[in-house]
Amino acid sequence: MRITIFAQRWQPLEPLLEAYAGRGFDVQRITGDMPDAESLQWAANESDALLIVGSRKRSPRTALPGPVARRSDGSLIPAAWLPDAGADALRRFSQTAARLHQRDAVNQPFAVLSQRHPQYLRLAGRIETLLHKQHKPVYRWTSDIVFRDDMARGLRAGLAAAVYVGHGRPIGWVGYYGTRIHHLQDIPGEPLGALLSLCCRTASRRRTPLSFSEAVPLSGVAGAAFGAVGPTLHLNNTRWAVAICSALQDGVRSIGELIVKALPPNLDAISDYRLMGDPLSPLFGTEAALTEAGKIAVYA
Amino acid sequence: MIQAQTTLTRPQITALLLDELRDMDVTIPDSINDDTAFKDDLGIDSLGIAEFVARMEQTFRVEISDDDWHTLYTLGRAADYIESRLGQ
């Protein structure tokens, strides 16, 4: 496994680089500003995953054209973006991501989150059913049955990933009477492997210096985040939801593998979204995840 | 889900479509045929159709455009559409 990382400074990223080395991953470091299209293509051809850590003046929309890069032979690899929001934020991300790489590949518990609206509760229910059929531990923490604070604590139980469906904004989710990054960070516990927001705009910079989906890995909530850079269609979010469940059935082990396997066939569904954080973030839970997640109060 | 191949026959396509509907917990009547309408005969609403379209795309690895998917309101129309797309 080879990952190419573009960054202007490396010291804050050391914990993650050590974790990669510990797993036997080959890391190709390229120091400098944002790569141009030619450099990106060359790196894609040489790698199994890409991570660009660039100036926070760039937004997810302009930093990368989508959550994947296409090699010259037509194969796809995950491509992730992370804004350099300062050494402390980068170090927090790096330590979080490194911690996730220490997890044993034992269980894959997931959480399904949703705004309290029939359309989204229905989709959340379908995701829950599809994951149940795969005998995966799945926790339904939709906003009709769980309070925001409990949901936020649940996301620190050490789960593999969580998926949110509903309305989204650049600063967070509309669900749970509004969810912002400050509701999720600074809660003791374990990070998620990935937090996926199948909704509009959580990776958009419109009227915010940092989008919700960028803040998720930078604040240590998850190793990676997946979100849209603009408005999305419910059909496209449904496409992603079905495809993600299907890819999980195939036994994917990281967020990058999940996104590549789950890519919908239509271009707009792909180009609406971006991957933030560690493209190789493992999708596994901690040993205690099931016990901790079971403690979350659900008012069903 | 089964990754379809371009050599699928029409009965095989229909069988895979029925598998997807069963996976969605839709009750399939014995009388099902090409004229069976997803909405009126099987009770699938627009959100269910959205999931079915997504499943068809995954299973057959074809893109169903937003203009096309509203026309796929019977089993026969869906099977014809998939057959034509796989033949391209």
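Numbering of residues begins from 1 in every chain and follows the order in which that chain's sequence is written. Labels are handed out in written order, letters beginning with A for the chains and numbers beginning with 1 for the ligands. The predicted origin of the model limits local features to residues at a pLDDT of at least 70 and limits the giving and counting of side-chain atom pairs to 80 or more, whereas totals for whole chains, interfaces and linings rest on all residues.

What about the overall build of chain A?
Phase 1: Per the convention used, a helix needs a DSSP run of H or I reaching at least four residues, while a strand needs a run of E reaching at least two, with both numbered from the N terminus. Regarding its fold elements, chain A presents 12 helices and 13 strands.
Phase 2: C-alpha atoms define the radius of gyration, and 2.2 Å times the number of residues to the power 0.38 defines the globule rule. Relative to its length of 300 residues, chain A is compact, with a C-alpha radius of gyration of 17 Å against a globular reference of 19 Å.
Phase 3: Put simply, chain A has 300 residues, and 56% of those count as buried.
Phase 4: Residues are treated as contacting if the C-beta atoms built from their backbones sit within 7 Å of each other. Put simply, 81% of the contacts in chain A that link residues at least 6 apart link residues at least 24 apart. Field definition: a residue is buried when 20 or more other C-beta atoms are found within 10 Å of its C-beta, exposed when 12 or fewer are, and partly exposed for counts in between, with C-beta atoms placed from the backbone.

A few points about the interface of chain A and chain B
One frequent convention defines the size of an interface as the accessible area lost when the parts assemble.
Phase 1: The interface of chain A with chain B comprises 13 residues on the first partner and 13 residues on the second.
Phase 2: Contributing elements (two or more residues each) for the side of chain A that touches chain B: α5 (118-133) and α9 (234-249) of chain A.
Phase 3: The leading source of residues in the side of chain A that touches chain B is α9(A), at seven residues.
Phase 4: Put simply, Ala, Val, Leu, Ile, Met, Phe, Trp, Tyr, Cys and Pro go in the nonpolar bin, Asp, Glu, Lys and Arg in the charged bin, and everything else, Gly too, in the polar bin. When its residues are assigned to classes, the side of chain A that touches chain B shows five nonpolar, five polar and three charged.

What about helix α10 (residues 255-262) of chain A?
Phase 1: For α10(A), a buried count of seven out of eight residues is recorded, marking the element as mostly surrounded by other parts of the structure.
Phase 2: Those residues of α10(A) lying buried are I255(A), G256(A), E257(A), L258(A), I259(A), V260(A) and A262(A).

Considering the environment of V260(A)
All names here are of chain A.
Phase 1: Its location among the elements puts V260 in helix α10.
Phase 2: Distance in space between the C-alpha atoms of V260 and M151 is 28 Å, their sequence separation being 109 residues.
Phase 3: Those residues in contact with V260 that lie beyond four places of it in its chain are V68, L76, I77 and P78.

Concerning the pairing of strand β11 (residues 192-198) of chain A
Residue and element names in this part refer to chain A.
Phase 1: Among the seven residues of β11, seven are classified as buried, and the element is accordingly described as predominantly covered.
Phase 2: Between any two strands, at least two bridges found by DSSP are needed for them to pair. In the sheet, strand β8 (residues 161-165) pairs with β11 via five bridges, with the strands oriented parallel. Considered in β11, the bridge of V165 is made with L198.
Phase 3: Pairing between β11 and strand β12 (residues 222-228): four bridges, direction parallel. When the bridges of β12 are listed, A194 appears paired with A224.
Phase 4: Handedness of the β-α-β unit built from β11, helix α8 (residues 212-218) and β12 comes out right-handed. A clockwise course of the path from the first strand over the helix to the second, judged with the strands pointing away from the viewer, identifies a crossover as right-handed.

A short note on the nonpolar core
Residues and elements named next belong to chain A.
Phase 1: Defined on buried residues, the nonpolar core groups Ala, Val, Leu, Ile, Met, Phe, Trp, Tyr and Cys residues joined through C-beta atoms within 7 Å. One finds L50, F110, L159, A161, A162, V163 and A194 to be the most contacted residues of the largest nonpolar core, which totals 116 residues.
Phase 2: When residues of this core are assigned to their parent elements, the largest contribution, eight residues, is made by α9.
Phase 3: How far each domain reaches was decided by an automatic or database domain assignment. Among the domains, domain 1 (2-101) and domain 2 (110-294) are the pair contributing at least three residues each to this core.
Phase 4: Residue contacts for A162: discarding those within four places in its chain leaves F110, A111, L113, L155, L192 and L195.

Description of the domain arrangement of chain A
All names here are of chain A.
Phase 1: What the domain assignment reports for chain A is domain 1 (2-101) and domain 2 (110-294).
Phase 2: Of note, the centres of domain 1 and domain 2, computed from C-alpha atoms alone, are 21 Å apart.
Phase 3: Counting residues at the interface gives 31 residues for domain 1, matched by 31 residues for domain 2.
Phase 4: Elements with a contribution of two residues or more to the side of domain 1 that touches domain 2: β3 (49-55), α3 (60-63), β5 (76-84) and α4 (87-101).

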